[in-house]
Amino acid sequence: MGLLDLFSRREKEQEFEANKEAERAKELPAYSGIRVEVTTLDERLLFVAKIVGIRGNRAELHQYSEK
């Protein structure tokens, strides 16, 4: 394997990762506004919320009031 092959593979991998991140960013706004249930690992309900903002790999949740 030549030295140039090594660099071209690295560039292709970086380009692939960038494309994957761009695709993921396009998908996330579709989840804004949906209702989510937050549970423990043993599936006990903690609270119900709505997703109001997604930034990167984080989402802002607004808890529904208990009535």
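Residues numbered from 1 in each chain as written. Predicted model: local features only at pLDDT ≥ 70, side-chain atom pairs only at ≥ 80, totals over all residues. Heavy atoms only, no water.

**Q** Sorry if this is basic, but what is going on with the sheet that holds strand E2 (residues 45-55) here?
**A** Remark on secondary structure: sheet strands pair via backbone hydrogen bonds, oriented parallel or antiparallel. Spatial ordering of the open sheet is given by E1-E2-E3, a layout of three strands whose pairing is antiparallel. At either end of the open sheet lies a strand with only one pairing partner, and these are strand E1 (35-39) and strand E3 (58-63). Looking at each pair of strands side by side, their axes are set apart by 50° on average, direction ignored. Of the pairings in the sheet, the one linking E2 to E3 comprises six bridges and is antiparallel in character. The residue of E3 that forms the bridge with Ile 51 is Leu 61. (Pairing = 2+ DSSP bridges. Helix = DSSP H or I, 4+ residues; strand = E, 2+ residues; numbered from the N terminus. Axes fitted to C-alpha atoms, helices over the stretch in contact; angles between N-to-C directions.)

**Q** How should the pairing of E2 be read in this particular structure?
**A** The side chains of a regular strand alternate between the sheet's two faces. Sheet analysis places E1 next to E2, joined by five bridges and oriented antiparallel. Its bridge partner being in E2, Val 36 is matched across the sheet by Ala 49. Joining the antiparallel neighbours E1 and E2 is a turn of five residues, in which Glu 43 adopts a positive phi near 70°. Linking E2 to E3, which pair antiparallel, is a turn of two residues; within it Gly 56 sits at a positive phi near 65°.

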